[in-house]
Amino acid sequence: MKSNGTHTADVTPLRVDQITKTFGELKAVQSVTIGFHTGELMALLGPNGAGKTTLIRMLTGILKPDSGAVFLNENQHPGRDRISRSIGYCPQRIIVWKDLTCLEQLILMGKMYNLSRGSAVSRASELIELFNLTSKTNVLAKTLSGGMQRRLSVALAMVHRPAVLVLDEPEAGLDPQSRVLIRNVLHHLCTEEGTAVVLSTHDMAEAELLSSRVAVMHRGQLLADGSPAQLIQRAGSTYLVELRLEGSAKVDRERLISALGRLGARIDSNERTIFLHSDAQGALVRPIRTIAASERIVISELRHRKRTLEDVFLSLTSTQMERGAA
Amino acid sequence: MNRFGAIIGMAVKQKLRDRVALLLSLFTAPLFVLFYWVLFHDSSKNYQVYVLDDCAANGSHCAPDTEGTNADSNSVKSSSNSAHIQNIQASLRQISSKQGGFTFEFTPVQSRRAALADLRRGAADVVVVFPMPLPAPEGRQPGNRTAATVELLGDVSSSQYQFCAAIIEKGISEYTARIHHMPPHVFFHRVALGVSAKKTPFEAYVPGLLVFAVIMLIFSSAMSVVKEIEAGTFARMHMTPVGTFEMVGGLSVVQLAVGIISVVLTFWVASLLHFQSEGAIVSAMIIATIACAASVGIGMVVAAVAKTQSRAFLLSSIVMFLLVLFSGIIFPRPELTMFHVGDHAVDLFDVLPTTHLGSALNKILALGATLSDVLFETAVLSVIAFFNFIFGCLLFVRSGKPASTPWEGIL
Ligand SMILES: Nc1ncnc2c1ncn2[C@@H]1O[C@H](COP(=O)(O)OP(=O)(O)O)[C@@H](O)[C@H]1O
Ligand SMILES: [Mg+2]
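Reading the values: the criteria
Residues numbered from 1 in each chain as written. Chains lettered and ligands numbered in written order. Predicted model: local features only at pLDDT ≥ 70, side-chain atom pairs only at ≥ 80, totals over all residues. Heavy atoms only, no water. 1 Å grid on protein atoms, 1.4 Å probe; cavity = no way out; pocket = protein on both sides within 12 Å on 5 of 7 lines; lining within 4 Å. Points joined across faces, edges and corners; volume = space filled by probe spheres on them. Helix = DSSP H or I, 4+ residues; strand = E, 2+ residues; numbered from the N terminus. Nonpolar A, V, L, I, M, F, W, Y, C, P; charged D, E, K, R; others polar. Buried < 20%, exposed > 50% of the residue type's maximum accessible area, 1.4 Å probe, protein only. Pairing = 2+ DSSP bridges. Donors = N, O, S within 2.8 Å, 3.2 Å for Na, K, Ca; no water. Contact = heavy atoms within 4.5 Å. Buried area = accessible area lost by both parts, 1.4 Å probe. Salt bridge = Lys/Arg side-chain N within 4 Å of Asp/Glu carboxyl O. Polar contact = N/O pair within 3.5 Å; in protein donor to acceptor, adjacent residues only side chain to side chain. Axes fitted to C-alpha atoms, helices over the stretch in contact; angles between N-to-C directions.

**Focus on empty space enclosed by the protein**
Phase 1 of the analysis: The tally for this structure, following the rule as stated, stands at six cavities of 30 Å³ or more.
Phase 2 of the analysis: As a volume, the second largest cavity reaches approximately 80 Å³.
Phase 3 of the analysis: Along the walls of the second largest cavity sit 12 residues, with Tyr89, Met109 and Tyr113 of chain A together with Arg236 and Met239 of chain B positioned nearest its centre.
Phase 4 of the analysis: No other element matches the three residues that strand β6 (residues 87-90) of chain A contributes to the lining of the second largest cavity.
Phase 5 of the analysis: Residues of the lining of the second largest cavity, tallied by class, amount to nine nonpolar, two polar and one charged.

Structural data, given as structure tokens:
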């Protein structure tokens, strides 16, 4: 599904430099610098309130940054007509014309972009087919299900074949089928049409599955930026062993942690779980069991798995929190 | 009880949190009361009385009335009607200053034809036509029944006319009684202009209803735009190369079409029901159409200011209130002359399209005015329509710049 990072992303139609936005006291976006490349699907990953929407609004010219610059095809402070020609934007909220049919509103949108009637119609039909809305072509949007409306809302942003497609949480509230459909459409756009796709999501599994590049945002800051594999690698080990100790006292847990220290692996822990980082698959499992047995501590669950973006995210944000607390 | 209380609490909190809407609903009526007080508490109404001296107008026919006049007044001695007329005007002025609350402004006219035109234009509230000649005092002996007939021309259905007529009749009667030292002996003939005397309540109400139909457009056009704003489709459209003028203009054209159809339907139904018009219905339709455009323009301004449906609802109600109250279509219109253009006094409430629509419709439908008689109204309505539309668009352009944050919380 995801591109393997082989193609060279040397064209950057859209980039931001040191961009900042504050709302009163709140720093919604703090000095973010990032570029979006042709043929690349970039996921802005972060929990709710991370500043993804604020960043996207600045990218699309809806919101003026307090400081920093937006470059569209290397034009600083692009005007509305440049933005409208090059960027397609699908807002977080589903915005469709409730009292128009799917076909009517896609044609309307085409005409807004100065397409002739003929090409507007053919583009509309193409998108209807692409988003699997054929049976709903002449149905009023208000009668569509939430997922279908979301698909239509995404389609509306693509009418003019923008060089950059910006989608704010396009998969929110979608059923698995629609999710797969949108994923395929976006993948096709990147690889076949060379569109630079930017989307925001708080779903890490989704980001890992979908994107060729991930930018991790947290509290308005850009914490990391790279392919999912790079991020995982950069954050340390590739594998993780999770130990769950149910019903054991805090002292026991701490005793076990110090005993495990002998293994030389990085250890994180929270109330219920101990994490050991490792680069070799399965290497730690046997020694852990031995140590636990010698300390007479019962491990209720031991899982050995490959690290995911979620782990990367959690470790990035926890170190950031520590820094913030310090 | 518990739940009921909770619901009241919830409603109170929500009310308090939309301050603008709350303030609008709380203070509209008190502010109007204050406004009316400011305007009216010591205002006086100025009536336009046009005076036609039939004697002077017919020159040769009218032998100067110089045969040894009464010693009562020196001025009367020298000339004919004009002296009497001067005296009558003076005594009318006395009545008005004694009574207070109104003044008369007298303007001489040269012919009956010119007088009728002035009435149709709405320049005159009443035209007083003095006969040729007013009876000479010594020609009047007790038992000699020669009498003069003074005509009062005007829109007899208007309150201004009725008021002026009553005072003028009183003044002339008093004057003639004084100079003759005997009970007054003048006949008055109130002459209705156009169909104004034949107006049934039905005819009288149709123009007002039409005005309502036209100003309802403010509400519907503001709502149609605000609906798009709230749904986010306006903002979404704004992300495309389409211009604000195109967007607002496109929506306006449809509203205007709805308004025009409604005007045509209103006249059609009225004429099916035997509505009588003195002037050409087509002229009335043209005026109403221009007024529709003005309403749509105002609706755009309301939408640009309000931005949400609940506020647009309140704001357009207030604007419609204003348009009805201060235009003179229901209540008498306060006069606040700002400046003069030629001989036309420009009033503060001339900015309201209903002022002009109401008066133009009345002139056409009841007094038989033609489009050229209501040229002023037509021009002002067009200006109001144009100005409001442009102003509304500019408000959108200003708040719609990508650099600012108009669609915050929408996109
Ligand atoms: N218009 C605004 N006024 C004040 N605060 C805002 C505004 N828009 C966003 N915020 C705040 O900025 C932060 C980031 O918001 P947002 O960009 O929407 O996050 P995300 O899209 O990642 O969930 C949040 O804390 C949010 O409350
Ligand atoms: Mg968001």
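**Brief notes about unusual backbone geometry**
Residue and element names in this part refer to chain A.
Phase 1 of the analysis: Located in the positive-phi region is histidine 77, a residue other than glycine, with phi close to 50°.
Phase 2 of the analysis: As for its position among the elements, histidine 77 is in the loop between β5 (75-76) and α2 (80-86).
Phase 3 of the analysis: The class for histidine 77 is exposed, based on a relative accessible area of 55%.
Phase 4 of the analysis: Its identity as a non-glycine residue notwithstanding, asparagine 132 has a phi of 55°, on the positive side.

**Regarding the pairing of strand β13 (residues 273-278) of chain A**
All names here are of chain A.
Phase 1 of the analysis: Most of β13 is tucked away, with six of its six residues classed as buried.
Phase 2 of the analysis: Taking every second residue as pointing to the same face, both faces of β13 are buried, with Thr273, Phe275 and His277 on one and Ile274, Leu276 and Ser278 on the other.
Phase 3 of the analysis: In the sheet, strand β11 (residues 239-244) pairs with β13 via six bridges, with the strands oriented antiparallel. Bridging across to β13, glutamate 242 finds its partner in phenylalanine 275.
Phase 4 of the analysis: In this structure, strand β12 (residues 267-269) lies alongside β13, joined through three bridges in antiparallel fashion. Residue isoleucine 267 lies in a different strand from β13, and its bridge partner there is leucine 276.
Phase 5 of the analysis: Remark: three residues form the turn of the hairpin made by β12 and β13, two consecutive strands paired antiparallel.

**Comments concerning the coordination of the magnesium ion (ligand 2)**
Put simply, a metal with four donors set out as a tetrahedron has ideal angles of 109.5 degrees, and one with six donors set out as an octahedron has ideal angles of 90 or 180 degrees.
Phase 1 of the analysis: Those protein atoms acting as donors to the magnesium ion (ligand 2) are Thr53 of chain A (OG1) and Gln92 of chain A (OE1), and they sit at 1.9 to 2.4 Å. On the criterion of sequence distance, the pair formed by threonine 53 of chain A in helix α1 (residues 52-59) and glutamine 92 of chain A in the loop between β6 and α3 (102-112) is long-range, its members being 39 residues apart.

**Quick look at the interface of chain B and chain A**
Phase 1 of the analysis: Each partner contributes residues to the interface: chain B has 22 residues there, and chain A has 22 residues.
Phase 2 of the analysis: Summed over both partners, the interface of chain B with chain A comes to about 2200 Å²; 59% of that surface belongs to carbon and sulfur atoms.
Phase 3 of the analysis: Between the two partners, chain B and chain A, sit zero salt bridges.
Phase 4 of the analysis: In this assembly, chain B and chain A are joined by nine residue pairs in polar contact (both at pLDDT 80 or more).
Phase 5 of the analysis: For the side of chain B that touches chain A, the secondary structure elements donating two or more residues are α8 (201-231) and α9 (233-238) of chain B.
Phase 6 of the analysis: Looking at the side of chain B that touches chain A residue by residue, the class counts come to nine nonpolar, eight polar and five charged.

**Brief notes about the sheet that holds β5 of chain A**
Residue and element names in this part refer to chain A.
Phase 1 of the analysis: Ordered in space as β2-β1-β4-β5, the four strands form an open sheet in which the pairing is antiparallel. The sheet is open, and its two borders are formed by β2 (26-36) and β5, each paired with just one other strand.
Phase 2 of the analysis: Pairing of strand β1 (residues 14-23) with strand β4 (residues 67-72), which is carried by five bridges, proceeds in the antiparallel orientation. Pairing of threonine 20 across the sheet is with serine 67, part of β4.
Phase 3 of the analysis: With respect to the sheet, α1 is in contact with β1, β2 and β4, its orientation differing from that of β1 by roughly 125°.

As far as function goes, none of this settles anything; it's purely spatial.
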